[in-house]
Amino acid sequence: MIELADRFGRVATDLRVSLTDRCNLRCTYCMPEEGLGWLPREEQLTDDEVGRLVRIGVTLLGVTQVRFTGGEPLLRRGLIGIVRDAASLSPRPRLMVTTNGIGLERLAGPLREAGLDRINVSLDTLDAKRFRALTRRDRLSDVLRGLEAAAAAGLTPLKINTVLMRGINEDEAPELLRFALAHGYQLRFIEQMPLDAQHQWDRHTMVTADEIVAALEPFALQPDPVSRGTAPAETWLVPGFVDAAGQPARVGVIGSVTRPFCGDCDRTRLTADGQIRNCLFATEESDLRTLLRTGASDDEIATAWQIAMRGKRAGHGIDDPSFLQPARPMSAIGG
Ligand code: SAM
Ligand code: SF4
């Protein structure tokens, strides 16, 4: 087995696959109200092309975990078949989806049957009015029903991802944690990153990891004795609570900006149009779609993928004066 290694000793085993750049929400920190210029269909990988690249990643390059994301991955018509194909690979990768939860009520069961192991649902507020302001759509109840369906289908441990925004939902951290604890979900707060299509991110208004932890003071959080390994979230134990599996309840904070974890990064990313990105913040991509469509062999594609990963930089460089936000926004990279 050859590996997706870089020059700094990191080996990528976690593949993030964006299945579409389209979305049915318009989260203000991600997309403008009018949406974006979506990828033309012919530029998007077909289900078979996605399946082939996932197979190459898993069987030739040491990928052990595949997360399907987007845009909104539940909008991808072939999702169930894509998951089923990935689940039939040997060695079998762990399979996950990151979703806004809309449509999960209907899809949670079929996804579980197809072989999906776990799901992350993004939810930034429990208040319907705020949800409408934040996502520009009136869909909170769909998300809440989706969460219940995912838990009932056994897509556990179920994680909730939350981005806090100053003056919008920053006061809701304790309530969101109480909600997660009551349902046995694991809540993770994510620092807002400079990946919005509008380029409006501002470090000075971003809610920091330190502020998030301070807001959770009433829970008397304890440091987690379990090492985080390559996981991006720093976790804390929440005394007095257990999760759905009866384990001590945890809450996580992903301090991508103020507490970067680049040194432990094990990710490789495939965009919906077949480009490999070695980092969320990479400014260069490697085109596997053209290779796929011009008759390249599996070994040739695997070699191109390896070369793409060797060029990975040591860190995201958000603090460098020369930092440039990548041209693609988060929704087109795959978050
Ligand atoms: N649509 C799906 C969803 O919302 O879960 C999957 C794609 S979305 C880009 C993946 C995750 O990225 C979500 O949890 C979302 O909150 C997060 N996200 C989007 N833009 C972000 C930003 N600028 N900074 C931090 N997280 C962001
Ligand atoms: Fe859509 Fe996810 Fe972006 Fe929100 S964060 S607009 S749900 S892609």
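For the structure, see preceding data.
Being a predicted model, the structure only gives us computed values, none of them experimental. (Residues numbered from 1 in each chain as written. Chains lettered and ligands numbered in written order. Predicted model: local features only at pLDDT ≥ 70, side-chain atom pairs only at ≥ 80, totals over all residues. Heavy atoms only, no water.)

### Considering the nonpolar core
- Core analysis: the biggest nonpolar cluster contains 97 residues, and Val-54, Phe-68 and Trp-305 have the highest contact counts within it.
- The contacts of Phe-68, once residues within four sequence positions are left out, are Val-17, Leu-19, Val-54, Pro-73, Ile-82, Val-83, Ala-86, Leu-95, Met-96, Val-97 and Thr-98. (Core = buried A, V, L, I, M, F, W, Y, C linked by side-chain atoms within 4.5 Å. Buried < 20%, exposed > 50% of the residue type's maximum accessible area, 1.4 Å probe, protein only. Contact = heavy atoms within 4.5 Å.)

### A look at the site of ligand 2
- For ligand 2, the full set of nearby residues is Cys-23, Leu-25, Cys-27, Cys-30, Gly-71 and Asn-100.
- Its residues assigned to classes, the shell around ligand 2 shows four nonpolar, two polar and no charged. (Near = heavy atom within 4 Å. Nonpolar A, V, L, I, M, F, W, Y, C, P; charged D, E, K, R; others polar.)

### A look at the site of ligand 1
- In the region of ligand 1, 17 residues are neighbours, and Tyr-29, Gly-71, Glu-72, Ser-122 and Met-193 sit closest.
- Here Thr-99 contributes a backbone N or O atom positioned 3.2 Å from an oxygen atom of ligand 1.
- Ser-122 has a polar side-chain atom sitting 2.5 Å from an oxygen atom of ligand 1.
- Notes on ligand 1: free accessible area 540 Å², of which the protein chains cover 95%.
- When grouped by side-chain class, the residues that make up the shell around ligand 1 number five nonpolar, 10 polar and two charged. (Polar contact = N/O pair within 3.5 Å; in protein donor to acceptor, adjacent residues only side chain to side chain. Areas by Shrake-Rupley, 256 points an atom, 1.4 Å probe, with all protein chains shown as cover.)

### So, the packing of helix α3 (residues 104–114) against helix α5 (residues 140–152)
- The contact between α3 and α5 brings their axes to 8 Å, and the two run at 15°. One finds that α3 runs roughly parallel with respect to α5. Between α3 and α5 the crossing geometry is right-handed. Here α3 contributes Leu-104, Glu-105 and Ala-108 to the contact with α5, which in turn contributes Arg-145, Gly-146, Ala-149 and Ala-150.
- A class-by-class count of the residues in the contact of α3 with α5 yields four nonpolar, one polar and two charged. (Axes fitted to C-alpha atoms, helices over the stretch in contact; angles between N-to-C directions. Helix = DSSP H or I, 4+ residues; strand = E, 2+ residues; numbered from the N terminus. Parallel < 35°, antiparallel > 145°, perpendicular 65-115°, else oblique. Left-handed = near helix turned anticlockwise from the far one by under 90°.)

### A closer look at the packing of helix α2 (residues 79–87) against α3
- As a packed pair, α2 and α3 sit with axes 8 Å apart at the nearest point and diverge in direction by 25°. Between α2 and α3, the crossing angle belongs to the class labelled roughly parallel. Where α2 crosses over α3, the two elements pack in a sense that is right-handed. Contact with α2, carried on its side by Leu-79, Ile-80, Val-83, Arg-84 and Ala-87, involves Leu-107, Pro-110, Leu-111 and Ala-114 of α3 and no other residues of that element.
- A class-by-class count of the residues in the contact of α2 with α3 yields eight nonpolar, no polar and one charged.

### Focus: the side chain of Arg-10
- With respect to the element layout, Arg-10 can be found in the loop between β1 (4–5) and β2 (11–12).
- Within the local environment of Arg-10, its side chain forms a polar contact with the backbone oxygen of Ala-314, the two atoms lying 3.2 Å apart.
- Those residues in contact with Arg-10, other than ones at most four positions away along the chain, are Leu-4, Ala-5, Cys-262, Gly-263, Cys-265, Lys-312, Arg-313 and Ala-314.

### With respect to the pairing of strand β5 (residues 94–99)
- Across the six residues that make up β5, a large majority, five, are buried.
- Sheet topology places strand β4 (residues 65–69) next to β5; four bridges connect them, and they run parallel. If you follow Val-66 over to β5, its bridge partner there is Leu-95.
- In terms of handedness, the path from β4 via α2 over to β5 forms a crossover that is right-handed.
- Sheet topology places β5 next to strand β6 (residues 118–122); four bridges connect them, and they run parallel. When the bridges of β6 are listed, Thr-99 appears paired with Val-121.
- With respect to chirality, the unit in which β5 leads through α3 into the neighbouring parallel β6 is right-handed. (Pairing = 2+ DSSP bridges. Right-handed = clockwise from strand over helix to strand, strands pointing away.)

### Observations regarding the pattern of salt bridges
- Overall, the coordinates contain 21 salt bridges when judged by the stated rule.
- Taking the shortest distance from any N to any O, the salt bridge between Arg-130 and Glu-172 comes out at 2.7 Å. Of the two residues, Arg-130 sits in helix α4 (residues 128–135) while Glu-172 sits in the loop between β7 (159–163) and α6 (173–183), which places them 42 residues apart along the sequence.
- Take Arg-130: its relative accessible area is 24%, and that puts it in the partly exposed class.
- Owing to a relative accessible area of 4%, Glu-172 belongs among the buried residues under this scheme.
- Asp-224 is the partner of Arg-250 in a salt bridge, and the nearest nitrogen-oxygen pair spans 2.5 Å. Of this pair, Arg-250 sits in strand β11 (residues 248–254) while Asp-224 sits in the loop between β9 (222–223) and β10 (234–242), placing them 26 residues apart in sequence. (Salt bridge = Lys/Arg side-chain N within 4 Å of Asp/Glu carboxyl O.)

### Overview of the sheet that holds β11
- Spatial strand order, β9-β10-β11-β8-β7-β6-β5-β4-β3-β12-β13-β14: 12 strands in an open sheet with mixed pairing. The outermost strands of the open sheet, each flanked by one partner alone, are β9 and β14 (286–287).
- Strand direction decides the pairing type here: β6 and β7, joined by three bridges, are parallel. By the bridge assignment for β7, Ser-122 is matched with Asn-161.

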